[in-house]
Amino acid sequence: AQSVTQLDSQVPVFEEAPVELRCNYSSSVSVYLFWYVQYPNQGLQLLLKYLSGSTLVESINGFEAEFNKSQTSFHLRKPSVHISDTAEYFCAVSDGGSQGNLIFGKGTKLSVKP
Amino acid sequence: GAGVSQSPSNKVTEKGKDVELRCDPISGHTALYWYRQRLGQGLEFLIYFQGNSAPDKSGLPSDRFSAERTGESVSTLTIQRTQQEDSAVYLCASSSGRVLRLEQFFGPGTRLTVL
């Protein structure tokens, strides 16, 4: 069975500081990996995804994540955060099977302070 | 519509009552998913519809939960005899195609509070 572990439930950082949100997964098959973001009072939005190819994937707002198969990790990073990045971030995994449903981590609340 | 919509946005009910939650997926999306997000928890998969195939109900927590979908359109999630532990945000997502199905588009959710 697949599972996703987000090691930090809350991450407070100051504006313009770098941040890393950790995500580890367990799966016996090839996986597809996702980061979703939930801004306050909004629905979940896809931030970035790894399906195949380059192990480093980027979002349009400066986040990046690297798929590391040997460490079964898909950590999310940003070199300099903004106040507007304050949100809850969810890591998710899918084996791409007939269901296609996602297994989510419990989420990490990123709080960016001025 | 432009995105996935859900109604109501908030629902407060008394223990033991039945509730119906509605999801309108993105037009043309063949796959539809229901998830539950309890306070402080990640999303739990509940049920999956793909076209006219039999739904995958493996995530439903009890027989008080059921869902229907008419063709590739609206879906309703019904919870009978609600309990306090049913309090959560219920999220609907849709996706399209066999390759693109992996990218799911989420609605804003219905926040259910059972008193």
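Residues numbered from 1 in each chain as written. Chains lettered and ligands numbered in written order. Predicted model: local features only at pLDDT ≥ 70, side-chain atom pairs only at ≥ 80, totals over all residues. Heavy atoms only, no water.

Attention now moves to the interface of chain A and chain B. Opposite the 21 residues of chain A that make contact, chain B presents 19 residues. Interface area for chain A against chain B, summed over the two sides, is near 1,600 Å², with a carbon-plus-sulfur share of 54%. Summed over the shared surface of chain A and chain B, the number is 0 salt bridges. Counting the contacts that link chain A with chain B gives 2 residue pairs in polar contact (both at pLDDT 80 or more). Sorting the residues of the side of chain A that touches chain B by element identifies β5 (32-38), β6 (44-50) and β10 (87-94) of chain A as the ones contributing at least two each. For the side of chain A that touches chain B, the element with the most residues is β5(A), which contributes 4 residues. Residue classes in the side of chain A that touches chain B are distributed as 9 nonpolar, 10 polar and 2 charged. (Contact = heavy atoms within 4.5 Å. Buried area = accessible area lost by both parts, 1.4 Å probe. Salt bridge = Lys/Arg side-chain N within 4 Å of Asp/Glu carboxyl O. Polar contact = N/O pair within 3.5 Å; in protein donor to acceptor, adjacent residues only side chain to side chain. Helix = DSSP H or I, 4+ residues; strand = E, 2+ residues; numbered from the N terminus. Nonpolar A, V, L, I, M, F, W, Y, C, P; charged D, E, K, R; others polar.)

This part is about the sheet that holds strand β1 (residues 5-7) of chain B. Hydrogen bonds along the backbone pair up the strands of a sheet, which may run parallel or antiparallel. Residue and element names in this part refer to chain B. Spatially, the 4 strands line up as an open sheet ordered β1-β3-β7-β6, and their pairing is antiparallel. Unpaired on one side and paired on the other, β1 and β6 (65-69) mark the two borders of the sheet. Each strand axis lies, on average, 15 degrees off the axis of its neighbour in the sheet, ignoring direction. (Pairing = 2+ DSSP bridges. Axes fitted to C-alpha atoms, helices over the stretch in contact; angles between N-to-C directions.)

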